[in-house]
Amino acid sequence: MEKMDFLEACIDEIALEGLDGITISALWRRLENRAGFPLALDVDSKIYIWTWISRSLDLEMFELPTARPPLVIVNRFQHICPETGVIMETEPPEEIYPIAIVKDVPERGSCATYKARRKVTDEIRDEEGKNLLTLAETVKKWGERLVMVANQDTREFSIYGPEMRPWKDMSNIQYCILERVARFKKR
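Small disclaimer: the values here were computed from a predicted structure and weren't measured.

Parameters and conventions
Residues numbered from 1 in each chain as written. Predicted model: local features only at pLDDT ≥ 70, side-chain atom pairs only at ≥ 80, totals over all residues. Heavy atoms only, no water. Helix = DSSP H or I, 4+ residues; strand = E, 2+ residues; numbered from the N terminus. Buried < 20%, exposed > 50% of the residue type's maximum accessible area, 1.4 Å probe, protein only. Contact = heavy atoms within 4.5 Å. Areas by Shrake-Rupley, 256 points an atom, 1.4 Å probe, with all protein chains shown as cover. Salt bridge = Lys/Arg side-chain N within 4 Å of Asp/Glu carboxyl O. Pairing = 2+ DSSP bridges. Phe/Tyr/Trp six-rings, centres within 6.5 Å; stacked < 30°, edge-to-face > 60°. Lys NZ or Arg CZ within 6 Å of the ring centre and 35° of its normal. Core = buried A, V, L, I, M, F, W, Y, C linked by side-chain atoms within 4.5 Å.

Trainee: Could you give me a rundown of the overall build of the protein, with the residues and numbers involved?
Mentor: Within the protein one finds seven helices and three strands. Going residue by residue from the N terminus, the α and β elements of the protein occur as α-α-α-β-β-α-α-β-α-α. Every one of the 187 residues in the protein was classed for burial, and the buried ones make up 40%. Expressed as a percentage of contacts within the protein between residues at least 6 apart in sequence, the contacts between residues at least 24 apart total 70%. Accessible area of the protein: about 11000 Å², with a carbon and sulfur share of 56%.

In structure tokens form, the structure reads like this:
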């Protein structure tokens with residue numbers, strides 16, 4: 001895999017979470033598992049990454065009504081039977097993204113908290129993209145109730161790439177299935 005620009009990789013990970021969005025801690029977990037991510041994820045680099053992603057006008061920030069459970073990433077290749085070499089079945093982690101198709105809005109995708117979440121982007125950055133809160137202040141204020149959501153064009157680009165845009169011919173159900181598959185397939 002080519003080395004990606006760190007900001008592009010971060011935006012891609014956020015976009016791949018779909019309309020549900022991603023918490024800050026889940027983003028760190030995704031980046032730790034992303035092949036070729038060019039930065040270490042120590043305290044200083046997380047602050048640096050936050051400074052840039054929180055400025056991105058391709059992202060919006062939302063407060064969830066309740067904290068999202070932690071993201072658990074299961075590597076099925078860590079569960080191989082030593083005698084047979086076959087991947088063993090494991091208990092799946094808690095589903096933190098229940099399917100709830102969003103209808104009749106310009107956004108497409110699945111998000112169980114779409115109507116209940118509150119947009120807080122203007123508390124995190126101003127209209128020009130200047131940061132209003134540090135990473136520590138943001139985590140202290142919202143913790144696991146804050147999610148970052150990429151705009152529709154950015155989410156589609158992460159799913160399809162630059163050449164394809166077939167979603168206009170898809171039903172909402174088809175798009176939600178594709179969004180869900182992309183969340184796991186591209187990782």
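Next comes the rest of the write-up.
Trainee: Can you tell me about the pattern of salt bridges, naming the residues and giving the values?
Mentor: For the structure on display, the rule yields eleven salt bridges. The shortest N-O distance in the salt bridge between Arg34 and Asp12 comes to 3.1 Å. One end of the pair, Arg34, is in the loop between helix 2 (24-32) and helix 3 (43-53); the other, Asp12, is in helix 1 (residues 6-16), and 22 residues separate them in sequence. Using a relative accessible area of 13% as the deciding quantity, one classes Arg34 as buried. A salt bridge links Lys119 to Glu60; its shortest N-O distance comes to 3.4 Å. Of this pair, Lys119 sits in strand 2 (residues 118-119) while Glu60 is found in strand 1 (residues 59-63), placing the two residues 59 residues apart along the sequence. The class of Lys119 is partly exposed, set by a relative accessible area of 49%. Classification of Glu60 as partly exposed rests on a relative accessible area of 25%. Here the salt bridges do not stand alone but share partners, grouping Glu63, Arg118, Glu123, Lys141 and Arg145 into one network.

Trainee: Describe the sheet that holds strand 3 (residues 146-150), naming the residues involved and giving the relevant values.
Mentor: Read across the sheet, three strands follow the order 2-1-3 without closing on themselves; strand pairing throughout is antiparallel. Here the strands that pair on one side only, and so sit at the sheet edges, are strand 2 and strand 3. Where strand 1 meets strand 2, two bridges bridge the pair, whose relative direction is antiparallel. Looking at the pairing, Glu63 lines up with Arg118 of strand 2.

Trainee: Go over the packing of aromatic side chains, please, and point to the residues and values.
Mentor: Summed over all chains, the structure comprises one aromatic pair. Against the face of Tyr97 rests Arg183, its NZ or CZ located 4.0 Å from the ring centre.

Trainee: I'd like a description of the nonpolar core, backed by residues and values.
Mentor: Ranked by internal contacts, the top residues of the largest apolar core, which has 29 residues, are Trp50, Ile53 and Met148. Of all the secondary structure elements, the ones that give two or more residues to this core are helix 1, helix 2, helix 3, strand 1, helix 5 (135-142) and strand 3. Ignoring anything within four residues of it in the chain, the contact list for Ile53 reads Leu7, Cys10, Ile11, Ile14, Leu27, Leu59, Met61 and Met148. In terms of nonpolar packing, the next biggest core, distinct from the first, is built from seven residues, Leu19, Val102, Cys111 and Val149 among them.

Trainee: Which residues make up the environment of Gly109, and what values do they have?
Mentor: For Gly109, the position within the fold is in the loop between strand 1 and strand 2. Residue classification places Gly109 among the buried residues on the basis of a relative accessible area of 2%. Separated by 89 residues in the primary sequence, Gly109 and Asp20 have C-alpha atoms spaced 8.1 Å apart. Beyond its immediate chain neighbours, meaning those up to four positions away, Gly109 contacts Leu19, Ala100, Ile101, Val102, Tyr175, Cys176 and Glu179.

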